[in-house]
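# Descriptive structure summary
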Amino acid sequence: YLAAQYFTEQTAVLEPDLFVISLGTNEALDYPNVDPQLFTQIGQLMVALRTRNPAAVFLLITPPDSFRNQHKRNPGVEDVRETILRFADDNRLAVFDLFEAGGGHHSASKWKHKDLLRADGIHFTKEGYELQGNMFYNAFMKAYLDYVATRHP
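Here we summarise the structure given alongside this text. All figures in this text were calculated on a predicted structure; none of them were measured in a lab. (Residues numbered from 1 in each chain as written. Predicted model: local features only at pLDDT ≥ 70, side-chain atom pairs only at ≥ 80, totals over all residues. Heavy atoms only, no water.)

Before going further, it helps to examine the layout of surface pockets. Looking at the largest pocket, its volume works out to about 330 Å³. Looking at the lining of the largest pocket, the elements with two or more residues in it are α2 (25–28) and α7 (126–151). Among the elements that take part in the lining of the largest pocket, α7 stands out by supplying 4 residues, more than any other. When grouped by side-chain class, the residues that make up the lining of the largest pocket number 11 nonpolar, 7 polar and 1 charged. Computed from the structure, the second largest pocket encloses a volume of approximately 220 Å³. Together, Leu-59, Ala-94, Val-95, Phe-96, Phe-136, Ala-139, Phe-140, Ala-143, Tyr-144 and Tyr-147 line the second largest pocket. Every element with two or more residues in the lining of the second largest pocket is listed here: β5 (94–96) and α7. (1 Å grid on protein atoms, 1.4 Å probe; cavity = no way out; pocket = protein on both sides within 12 Å on 5 of 7 lines; lining within 4 Å. Points joined across faces, edges and corners; volume = space filled by probe spheres on them. Helix = DSSP H or I, 4+ residues; strand = E, 2+ residues; numbered from the N terminus. Nonpolar A, V, L, I, M, F, W, Y, C, P; charged D, E, K, R; others polar.)

Strand pairing in a sheet relies on backbone hydrogen bonds, with the paired strands running either antiparallel or parallel. Here 3 strands make up an open sheet; going across it, the order is β1-β2-β5 and the pairing parallel. Of all the strands in the sheet, just β1 (18–22) and β5 have a single pairing partner and so form its edges. Ignoring which end each strand starts from, the neighbouring axes of this sheet average 25 degrees apart. Of the pairings in the sheet, the one linking β1 to strand β2 (residues 57–61) comprises 5 bridges and is parallel in character. Note that in β2 the partner of Ile-21 across the bridge is Leu-60. Sheet contacts for helix α4 (residues 76–90): β2 and β5; angle to β2, the most-contacted strand, approximately 155 degrees. (Pairing = 2+ DSSP bridges. Axes fitted to C-alpha atoms, helices over the stretch in contact; angles between N-to-C directions. Contact = heavy atoms within 4.5 Å.)

On to the pattern of salt bridges, then. Going through the model one piece at a time under the given rule, you end up with 7 salt bridges. Across the pair Arg-81 and Asp-97 runs a salt bridge whose closest N-O atoms are separated by 2.5 Å. In this pair, Arg-81 sits in helix α4 while Asp-97 sits in the loop between β5 and α5 (98–101), placing the two residues 16 residues apart along the sequence. Residue Arg-81 shares its accessibility class with Asp-97, and that shared class is buried. (Salt bridge = Lys/Arg side-chain N within 4 Å of Asp/Glu carboxyl O. Buried < 20%, exposed > 50% of the residue type's maximum accessible area, 1.4 Å probe, protein only.)

Here it is, written out as structure tokens:
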């Protein structure tokens, strides 16, 4: 996302109100060599997007549990998740914890068993992605309705 020369510049044309940024699965693939600069890189992305879109707000999504080499759990996902959660907390950003919402530690086995995760242990089936989308939508709408109820009782 940082290497795409015109990415942040091009987002301004859309005049977005909200960026939903889902990170972590690819960043965790090189475990145990997860880039120690991930926190800084997320910050650089945020600065670049804010520069072009000063009115936009951000919501981060953590990666779901996944495998390495098709059937070996990838503990790097939890390391990356913790970095994203810490970044969101430090910067007062909203976050949807897909790792936790999807079942947490070892949940990739359950998703795979239910044919929601492809054989590679990383990518989801159509049904798996639809379920993730529905989980996000439901959490987003619940948070919005809770906000509205407290702001405009």
